[in-house]
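In case you want the letters, here they are:
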Amino acid sequence: MLKQRRKFSADIADTLCIDTNGSNDLLEPLFDTHEAPMLKFFNATVALAFSAFATFALAQTPASDQALSVADYVKAQESGGLGANKRVAISSFFIQFVRDQGIERSAGSFGMFQAQSATYFTQTRGVDAALLQTVTDKLYDGFVADLKAAGIEVVPQSELDANASFQEIRKAGTASPFIDNVETGVRKDKHMAVNMLVSAKGLPIVLNGLIDKKWLPGDGGQSMRGMALVLGSATAAKTLQAPLLAVRLTVSMIEQKGKGWGSSAQYGNMILKSASWEFETDPLPRFVEDGTAIFVNGVNLSGLPSSRNLFTLTKAVPVRGLELSGVKGEGTNARGSGLLGALGRAAQGADAPADAYIDIQPANFTAQMTQGGLQVLGLFVKAMAAPGGK
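Enquirer: Looking at this model, I keep getting lost on the overall build of the protein chain. Mind explaining?
Expert: Helix and strand counts for the protein chain stand at 7 helices and 16 strands. When each of the 390 residues of the protein chain is scored for burial, the buried share is 53%. The contacts in the protein chain between residues at least 6 apart in sequence include a share of 77% that link residues at least 24 apart. Put simply, the protein chain shows about 16500 Å² of open surface, and 53% of that area lies on carbon and sulfur atoms.

Here it is as structure tokens:
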């Protein structure tokens, strides 16, 4: 185990390279400052035994007092925002926490190593459904308070629950908590993840209108029940005289990079071929762009499903002040596409071995995630309430 040598600031941290020769010393910074902390892993052997993952602490700087600009961070699909409406109903409100992330990279096709690939898998520990429930409920309460402060009334949940159309939406939606697997890309750029989705206040998880290509490309089977979600939302908006808001906040803790390559060397009449990989894990907690959005159903209260709008976060908003640590995992490293099996086991409730772990402090996580989420939700409220809806 590598000893903890220093604390890092996410704003001005040095980037480190881990010595894979067994010296257990951190080398001098290899890159310029003003980058997020990076841990690099090297291997050039057929066995694919990756390097150790350094223990570290990440103490991010407090959030700046400078307010974020709605124009810089939020995009509206249609102009007009909520129109003349001063009353809304929140039909779905959930956090998507990207707990596990993995990438697969190919080392090329040559000889016995044809189509050889390897994966690197990182898991965030300490975040369970109960902790996410606390954060999600706090964010819901803050969102309601922001809407009211902007002069927008929120339909009481008891009134929403009594609405016949919403009752059908609840049946067609997904119960919380929900675990979902993601696999996108191909060997040269494959991204895999296990998502934890937790909704606020017992609301259903409704994914209609909130799917994106990277973070949540699937809808958990809701497309089979799409009519109830699409028509039901428009009808509920008409009967309640309030557009329905479906809120999705997606949080990722890291960013991963990797590459693979092949090489050969001749020894007499023998040729030794080898495959090598390089992986990087950057601690980068943030509310992600595209995956964080609010879908508005029934803007004109006509009961027509075409009356809708979508507000999307266009730039990631960092979660400041998080206290994180990382340790080497017990993953098998050279799994190739076997990582899919690990993801499948994780989705069934069993923790699969990972190559590296990021650990959080629950109290600190709750406070800082709530603070960051309220900042994002404040941007959305301003965008929806603005006269131009942008």
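Enquirer: Looking at this structure, I do not really get the side chain of Ser91. What am I missing?
Expert: Secondary-structure assignment places Ser91 in strand S5 (residues 87-106). For Ser91, a relative accessible area of 5% gives the class buried.

Enquirer: What exactly am I supposed to notice about a nonpolar patch on the surface here?
Expert: Judged by side-chain polarity, Tyr267, Met270 and Leu272 come together as a nonpolar surface patch covering roughly 370 Å² of accessible area. For Tyr267, a relative accessible area of 55% gives the class exposed.

Enquirer: Please explain helix H4 (residues 164-172) as it appears in this structure.
Expert: Residues spaced three or four apart along an α-helix face the same direction, because each turn holds 3.6 residues. Turning to H4, its buried residues are Ser165, Phe166, Ile169 and Ala172. What you see down the axis of H4 is that its buried residues fit within an arc of 115 degrees, all on one side. Turned more than 90 degrees off the buried face of H4, the exposed positions are Ala164 and Lys171. Regarding H4, its N-cap is Asn163, as a side-chain oxygen of that residue lies 3.0 Å from the backbone nitrogen of Ser165 further along.

Enquirer: Would you take a moment to explain the nonpolar core for this structure?
Expert: Looking at soluble globular proteins, one finds that nonpolar side chains tend to be buried together. In this structure, Phe93, Phe143, Leu147, Met253 and Phe365 are the most contacted members of the largest nonpolar core, which totals 66 residues. By residue number, the principal contributor to this core is helix H7 (residues 362-385), which donates 9 residues. Core analysis: the second largest hydrophobic core is formed by 11 residues, Ile205, Leu207, Leu210 and Leu310 among them.

Enquirer: Teacher, can you tell me more about the environment of Leu284 here?
Expert: Secondary-structure assignment places Leu284 in strand S11 (residues 270-287). Through-space distance from the C-alpha of Leu284 to that of Ile254 is 4.5 Å; in sequence the pair is 30 residues apart.

Cut-off values and rules
Residues numbered from 1 in each chain as written. Predicted model: local features only at pLDDT ≥ 70, side-chain atom pairs only at ≥ 80, totals over all residues. Heavy atoms only, no water. Helix = DSSP H or I, 4+ residues; strand = E, 2+ residues; numbered from the N terminus. Buried < 20%, exposed > 50% of the residue type's maximum accessible area, 1.4 Å probe, protein only. Contact = heavy atoms within 4.5 Å. Areas by Shrake-Rupley, 256 points an atom, 1.4 Å probe, with all protein chains shown as cover. Patch = residues over 30% accessible without salt bridge, like charges linked within 9 Å, V, L, I, M, F, W, Y side chains within 5 Å. Salt bridge = Lys/Arg side-chain N within 4 Å of Asp/Glu carboxyl O. Arc of directions from axis to C-beta. Polar contact = N/O pair within 3.5 Å; in protein donor to acceptor, adjacent residues only side chain to side chain. Core = buried A, V, L, I, M, F, W, Y, C linked by side-chain atoms within 4.5 Å.

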